Amino acid sequence: LAAHDRLFPGRDHVHTAVYEWTSSTDAVDAVVALDRGHAGVIVVADERAAPRLDLAVSVELRLKRTIVSQAEPPPHDLVLGFCAGDPIGEFAAVAPAVARCGFASPFLAVVPGTDTYADEL
């Protein structure tokens, strides 16, 4: 992508990579999970097999190759758990299962067309 000028030049690419799908829940197809209006997502990354998340939709990915990365990450699994309810509350419920992972954090969904949450950045 970088060699073909397909990365947005106005942004610092801290980590841009290609992941391969390894599995997902059957509730909603992983391809359309981002378009379902979930309240947020819990992201978990770990060099070992990241734990499954019992959420509305869970998508498991594995790092295939890094395109641009200032962090130079080791091979790792990435789990995206899409939340039907409050992502912070749902994160508290899964915290014991992800406590030893390399990275785990909840993210709130944006509210398109608004500055909601901008004052908290």
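Before any of the text, the structure's been laid out above.
Residues numbered from 1 in each chain as written. Predicted model: local features only at pLDDT ≥ 70, side-chain atom pairs only at ≥ 80, totals over all residues. Heavy atoms only, no water.

**A short note on the overall build of the protein chain**
The helix and strand inventory of the protein chain stands at 1 helix and 5 strands. In the protein chain, the order of α-helices and β-strands from amino to carboxyl end is β-β-β-β-α-β. Burial status across the protein chain gives 32% buried among its 121 residues. Put simply, 74% of the contacts in the protein chain that link residues at least 6 apart link residues at least 24 apart. (Helix = DSSP H or I, 4+ residues; strand = E, 2+ residues; numbered from the N terminus. Buried < 20%, exposed > 50% of the residue type's maximum accessible area, 1.4 Å probe, protein only. Contact = heavy atoms within 4.5 Å.)

**Observations concerning the pattern of salt bridges**
Going through the model one piece at a time under the given rule, you end up with 3 salt bridges. Arg 48 is paired through a salt bridge with Asp 46; the nearest N and O atoms lie 3.2 Å apart. Where Glu 60 meets Arg 52, a salt bridge forms, and the shortest distance between an N and an O atom there is 2.7 Å. (Salt bridge = Lys/Arg side-chain N within 4 Å of Asp/Glu carboxyl O.)

**Concerning the side chain of Asp 46**
Tracing the backbone shows Asp 46 in strand β2 (residues 40–46). Of the polar contacts made by the side chain of Asp 46, one reaches the backbone nitrogen of Gly 102; its length is 2.7 Å. Beyond its immediate sequence surroundings of up to four residues, Asp 46 is in contact with His 76, Asp 77, Arg 100, Cys 101 and Gly 102. (Polar contact = N/O pair within 3.5 Å; in protein donor to acceptor, adjacent residues only side chain to side chain.)

**Overview of the sheet that holds strand β3 (residues 57–69)**
Read across the sheet, 5 strands follow the order β1-β3-β4-β2-β5 without closing on themselves; strand pairing throughout is antiparallel. In the strand order of this sheet, the two ends are held by β1 (15–24) and β5 (103–108), each with one partner. For this sheet, the mean inter-axis angle between neighbouring strands, taken without regard to orientation, is 25 degrees. Of the pairings in the sheet, the one linking β1 to β3 comprises 9 bridges and is antiparallel in character. Residue pairing for β3: Ser 24 is matched across the bridge by Val 59. The sheet contacts of helix α1 (residues 87–98) involve β2, β4 (77–83) and β5, and relative to β5 the element is tilted by about 170 degrees. (Pairing = 2+ DSSP bridges. Axes fitted to C-alpha atoms, helices over the stretch in contact; angles between N-to-C directions.)

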